[in-house]
Structures are given as structure tokens and as C-alpha cells.
Amino acid sequence: MNRICDLFGIQYPVIQGGMVWCSGWKLASAVSNSGGLGLLGAGSMHPETLEEHIVKMKQATDKPYGVNVPLMYPEQEKVMEIIARHKVPVVFTSAGSPKKWTGWLKERGIKVVHVVSSSYFAQKCEEAGVDAIVAEGFEAGGHNGREETTTLSLIPSVRKVTGLPLMAAGGIGSGEAMLATMVLGADGVQIGSAFAVAEESSAHPDFKKLVIALSEGGTKLALKKLAPVRLVKNSFFMQVDEAEKAGTSTDDLKELLGRGRAKKGMFEGDLDEGELEIGQVSAQLTEILPVHVIMEKLIREYRAAKEALQNEKFAW
């Protein structure tokens, strides 16, 4: 049996990333109903909105699901109280210390997973008592680690320092990539970009169309003085890039970023002035598909790649 499947009670070791402005109840329930673990993205929800999505999630599926909570966001106490009251089975935390809420959540019977970008923080997760770890490489979309370590390098490094169930994230959009990370030591995967452009994603249709048209090099890490984030190279990115090259101060970068720019881009569809977060694997995405088709494709590719490894093609 697979440790991730056993831990969460799911059919396939595939977790849908809890992405801001993409991961509402429609996407998360579709992933859970397809055998994976769907996550609601609390990072773009006010507490009352999150509660509404949890209620709808429980109506849409009887399968396991979870909530992703970026710990740098405000109103944490309200968010966690709602999660506990609704008996959400799994919480993925990120962008903060794993010690902050792990004990509190586990006391309430909730499984806790933390997202890291280095083996050092993976060790801190184990010390904090989390149930599992997501190791996210430099390829990933959205907020990213300052270490800029790629998934290919990160997974074996994390595997060496922890025996906890481990999920790989960053640059995974196919069954072949899924198998590759598992060969390196992961027990499963967390996938963001491929689900961000699913039919059920709450992202704006124009954002999805832009993503599937991107080519290699269409994204780049930016805002390193604030919180590193991988963005599409649109007009807003170019403004940020020019400002960073000119040595602009942190305060001026904050002013340039402003408020609500990610919502403006990914949710409202302003492709010029919006903050468009997506991973490098976007260059491999060419269609807007329903979740069940994406899941079927992932598992089919995974099994075919696994079988190919046992053929003479790879024997020497």
C-alpha cells in the first residue's frame, strides 16, 4: 500500500494544491471524487467565505478533503476555529512555522501537513510533529522558497533527513513526472498548475487560456525582497523586474504590488496588470480539461512509465 493513500484514506497519492483564486469547492470536490485529495485554498478567502466553501464541499463529496492555510495571512484564529468546528480532516500549512498550529490541530483529530522548500525546514516539521511533508521545488508557481532548489534536487535531500510521508511538488504535470519524484523518494505528489487550468478551477477563463499558451521561459521568480513568487511575464511582471534591477527598496516594491493584484489577475482576468501565478510546468499544459480527465491521464501515464522501466528499453 501507499503511505499517502493510507494516511488520507484516498485512492491515488495525488493532492491538488490549495491555490489562491483557483481552489474553491468545485475544484477540490472534483479531485476528491476522482480519487485524490482536494484542498480548499484558504489564502484567498475571508473566514466566512471559507466556511461557505467547506459547507458546499461536504455537500459535494463524501470523500476526504483538506484546507490549505498560508500562515502569513491574517485572521488565522478565525480560520482555524472554522476548520475545527467543521471537523475538516486534513490541514496543509505553509509560509510560516509548522510549530504554530500543529499541536492545536492534532489535539482536535486533524491531520497536519506542512509545505517546505528545504531539508532544514523538513527537519523542523518532524520536530513539530506534523503527519507528512510537502517538499516544493523552485519550479512551482506562486510563493516559492528563497533557496531556489529544484524538485529533482530537493526530494532526495529531504528524504535523507526524514522518514515521514513525503509529497513532491513543483514541476509535476504528468504521470511520468509523478513516477520520477517517487523514484527519488517521494510517496506521492502535490500538483498545482495542472489543476489551476482545470474546468472546475475558479480561475478566470482568460487566465487559463493564457497559461495553456505559455512556452518555456514564460514564467520567472520575482519579488525576492518581499516573498519570492513565480509569475507569468506580463506587463506587471516587467514593471517588477525593472524595479528590482534598479535596486528599488522593499517599501517601494510593496507600493508597486499594492493590494488585491493576484485577485485582479487570476480571478478577474486582468492579464496585463494582474499578478499571474503559475509554475514552469505550464509550458507542458495545452488543454483546459475536466478534473476526472486530468486524473485519469495522470494515472495512465504513471502506470505506462512504470511498466516501461521494467522493459528492455531501460536495461543495459
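Residues numbered from 1 in each chain as written. Predicted model: local features only at pLDDT ≥ 70, side-chain atom pairs only at ≥ 80, totals over all residues. Heavy atoms only, no water.

### What about the sheet that holds strand E7 (residues 142-143)?
Quick note on the threshold: When DSSP locates at least two bridges between a pair of strands, those strands are taken to pair. Helical segments are the DSSP runs of H or I of at least four residues, strand segments are the runs of E of at least two, and each set is numbered from the N terminus. Contacts are residue-level and defined by heavy atoms, with any inter-residue pair within 4.5 Å sufficient. A fitted line through C-alpha atoms represents every axis, and for helices the fit uses only the stretch in contact; the resulting angles, taken between N-to-C directions, go from 0 to 180 degrees.
Strand order in the open sheet made by the three strands is E7-E11-E10, with antiparallel pairing throughout. With partners counted over all chains shown, the strands left at the sheet margins are E7 and strand E10 (219-222), one partner each. In the sheet, E10 pairs with strand E11 (residues 229-232) via four bridges, with the strands oriented antiparallel. Paired with Lys220 across the two strands is Leu231, which belongs to E11. The strands touched by helix H11 (residues 235-245) within the sheet are E10 and E11, with E10 carrying the most contacts at an inclination of about 45 degrees.

### Concerning the packing of aromatic side chains
Aromatic ring pairs are defined here through the distance separating the ring centres and the angle between the ring planes. Keep this limit in mind: Stacked, edge-to-face and tilted labels apply to pairs of Phe, Tyr and Trp rings (six-membered ring for Trp) whose centres lie within 6.5 Å, assigned for plane angles under 30 degrees, over 60, and everything in between, in that order. When a residue's accessible area, from a 1.4 Å probe over protein chains only, is under 20% of the maximum for its type it is buried; when over 50% it is exposed; and in between it is partly exposed.
Under the criterion given, the structure shown has four aromatic pairs. Taking 5.2 Å as the distance between ring centres and 40 degrees as the angle between the ring planes, the aromatic pair formed by Trp21 and Phe267 counts as tilted. Here Trp21 is found in the loop between strand E1 (14-16) and helix H2 (25-33), whereas its partner Phe267 is found in helix H13 (residues 261-267), with 246 residues between them in sequence. For Trp21, a relative accessible area of 19% puts it in the buried group. Of the residues examined, Phe267 reaches a relative accessible area of 37% and is grouped as partly exposed. Taken together, a centroid distance of 5.3 Å and an interplanar angle of 85 degrees make the contact between Trp101 and Trp104 edge-to-face. Trp104 sits in the partly exposed class, given a relative accessible area of 27%.

### Description of the environment of Leu39
With respect to the element layout, Leu39 can be found in strand E2 (residues 38-41). Judged by relative accessible area, which is 0%, Leu39 ranks as buried. Between the C-alpha atom of Leu39 and that of Ile15, which follows or precedes it by 24 residues, the distance is 7.5 Å. Setting aside its immediate chain neighbours within four residues, Leu39 contacts Ile15, Gln16, Gly17, Gly18, Ser23, Ala28, Gly66, Val67, Asn68, Phe92 and Gln190.

### Focus on unusual backbone geometry
One can expect most non-glycine residues to show negative phi and most peptide bonds to be in trans. Of note, the phi angle at Glu75 is positive, near 60 degrees, even though the residue is not glycine. Mapped onto the fold, Glu75 is located in the loop between strand E3 (65-70) and helix H4 (76-85).

### Thoughts on the sheet that holds E1
If you trace the eight strands from one edge of the open sheet to the other, you get E1-E9-E8-E6-E5-E4-E3-E2, paired in parallel fashion. With one partner strand each, in any of the chains shown, E1 and E2 form the two edges of the open sheet. Between one strand axis and the next, the sheet turns by 25 degrees as a mean value, whatever way the strands run. Bridge analysis of strand E4 (residues 90-94) against strand E5 (residues 111-116) gives four bridges, and the strand direction is parallel.

### Quick look at the packing of H2 against helix H3 (residues 47-60)
Spelled out, the test is: Each angle gets one of four labels, with under 35 degrees taken as roughly parallel, over 145 as roughly antiparallel, 65 to 115 as roughly perpendicular, and the rest as oblique. Two helices that cross are described as forming a left-handed crossing if the nearer one is turned anticlockwise from the farther one by less than a right angle, and a right-handed crossing if clockwise. When residue character is reported, Ala, Val, Leu, Ile, Met, Phe, Trp, Tyr, Cys and Pro are called nonpolar, Asp, Glu, Lys and Arg charged, and the others, Gly included, polar.
Viewed as axis vectors pointing N to C, H2 and H3 meet at an angle of 30 degrees, and their least axial separation amounts to 9 Å. By the angle between their directions, the pair H2 and H3 is classed as roughly parallel. In the packing of H2 onto H3, the handedness of the crossing is right-handed. Contacts between H2 and H3 involve Trp25, Ala28, Ser29, Ser32 and Asn33 on the former and, on the latter, His53, Lys56, Met57 and Ala60. Among the residues forming the contact of H2 with H3, the class breakdown is four nonpolar, four polar and one charged.

### Here we look at the pattern of salt bridges
Think of it this way: side chains of opposite charge can pair up when their charged atoms draw near. Here is the rule we go by: One side-chain nitrogen of Lys or Arg within 4 Å of one carboxyl oxygen of Asp or Glu is enough to make a salt bridge.
Inspection of every chain in the model, using the stated rule, returns 14 salt bridges. For Arg108, the salt bridge goes to Glu107, with nearest N and O atoms at 3.6 Å. Relative accessible area serves as the criterion here: at 42%, Arg108 is assigned to the partly exposed category. When salt bridges with common partners are traced through the structure, they connect Arg3, Arg159 and Asp187 into a single cluster.

### Regarding the environment of Leu231
Within the element layout of this structure, Leu231 appears in strand E11. Looking at Leu231, the relative accessible area reads 0%, which means it is buried. A C-alpha to C-alpha distance of 6.3 Å links Leu231 and Leu221, two positions ten residues apart in sequence. Once you skip the residues sitting within four places of it in the chain, Leu231 turns out to touch Gly218, Thr219, Lys220, Ala222, Phe236, Phe237, Glu275, Leu276 and Glu277.

### Some points on the packing of H3 against H4
Running from N to C, H3 and H4 point in directions that differ by 20 degrees, and their axes come no closer than 9 Å. On the basis of the axis angle, H3 is roughly parallel to H4. Crossing handedness for the pair H3 and H4: right-handed. Contacts from Pro47, Leu50, Glu51 and Ile54 in H3 reach Lys78, Val79, Ile82, Ile83 and Arg85 in H4. Residue composition of the contact of H3 with H4, by class: six nonpolar, no polar and three charged.

In short, geometric facts, not functional conclusions.
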